[in-house]
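Read off the chains here:
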Amino acid sequence: MSYFRKIEYEMIPGDSFSVIRGCAKCGRKTHFVNTGKFRVNANGNQLDVWLIYQCEECKHTLNLAIYERQKVSSIPKEEYQRFLDNDEALALRYGADMRLFQKNKAEIDAERVSVTFTKLRETEENGESSSLGNGIMITIHNPRKLKIRSEKQIAMLLGLSRSQVKKMLETGELELKEQMAQSVSFCVNAEK
């Protein structure tokens, strides 16, 4: 009797995103990285909070706005204290939050994104009742919509090079089933 397995993973950023932006000091586009620090500025009862990034080469800074002109009372006290303490875990959380980069119109360098994969679930069904036959169907969920090509996602998950994945797709060892912004599904054909 043959069996067909379905495995689902979620792709999670392992570190803060790197930003590509023109650096005023270097005079060209460079990479800006998360310093793990915040800038907090109060003006009366209004508050601004930024996550500080800096140019890898010259250390020129780039502030990504987290809160702008917010009432102090609208920010949770615990989070406000963590901003003041330059909490590294909070800086990492914001440094991997796509909404922050979209809001600040910051371009993320997808080639430098480090990710980890967390297994969500695994199921097994009788291969004879499956329309997919023998093999494994793997789905990679990308809830943050990281702009990483499907071949690269598959290569990272399987621990292969992109050229190996492309060759496996050409020979039929792997079959791409679905590509969307939030997920990629592919089959590993057990019969090849």
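Description of the structure in this document. (Residues numbered from 1 in each chain as written. Predicted model: local features only at pLDDT ≥ 70, side-chain atom pairs only at ≥ 80, totals over all residues. Heavy atoms only, no water.)

A few words now on the side chain of Gln153. Looking at where Gln153 falls in the secondary structure, it is placed in helix H4 (residues 150-158). Note on Gln153: relative accessible area 3%, which makes it buried. Setting aside chain neighbours within four positions, we find Gln153 in contact with Met11, Phe117, Ile140, Asn142, Ile148 and Val184. (Helix = DSSP H or I, 4+ residues; strand = E, 2+ residues; numbered from the N terminus. Buried < 20%, exposed > 50% of the residue type's maximum accessible area, 1.4 Å probe, protein only. Contact = heavy atoms within 4.5 Å.)

Take the pattern of salt bridges next. One pass over the full model with this rule turns up 15 salt bridges. Its salt-bridge partner being Arg93, residue Glu79 comes within 3.6 Å of it at the nearest N-O pair. With Glu79 in helix H1 (residues 77-84) and Arg93 in helix H2 (residues 88-95), the pair connects residues that are 14 residues apart, well separated along the chain. Overall, the relative accessible area of 12% leaves Glu79 in the buried class. Arg93 gets classed as partly exposed once you look at its relative accessible area, which sits at 48%. The network of salt bridges with shared partners includes Arg5, Lys119 and Glu122. (Salt bridge = Lys/Arg side-chain N within 4 Å of Asp/Glu carboxyl O.)

For a regular strand, side-chain orientation follows a simple rule: the groups alternate between the two sheet faces. The pairing of strand E9 (residues 174-179) with strand E10 (residues 183-188) spans five bridges and is classified as antiparallel. Within E10, the residue paired with Gln179 across the bridge is Val184. Hairpin connection, E9 to E10: the antiparallel pair is bridged by three residues. (Pairing = 2+ DSSP bridges.)

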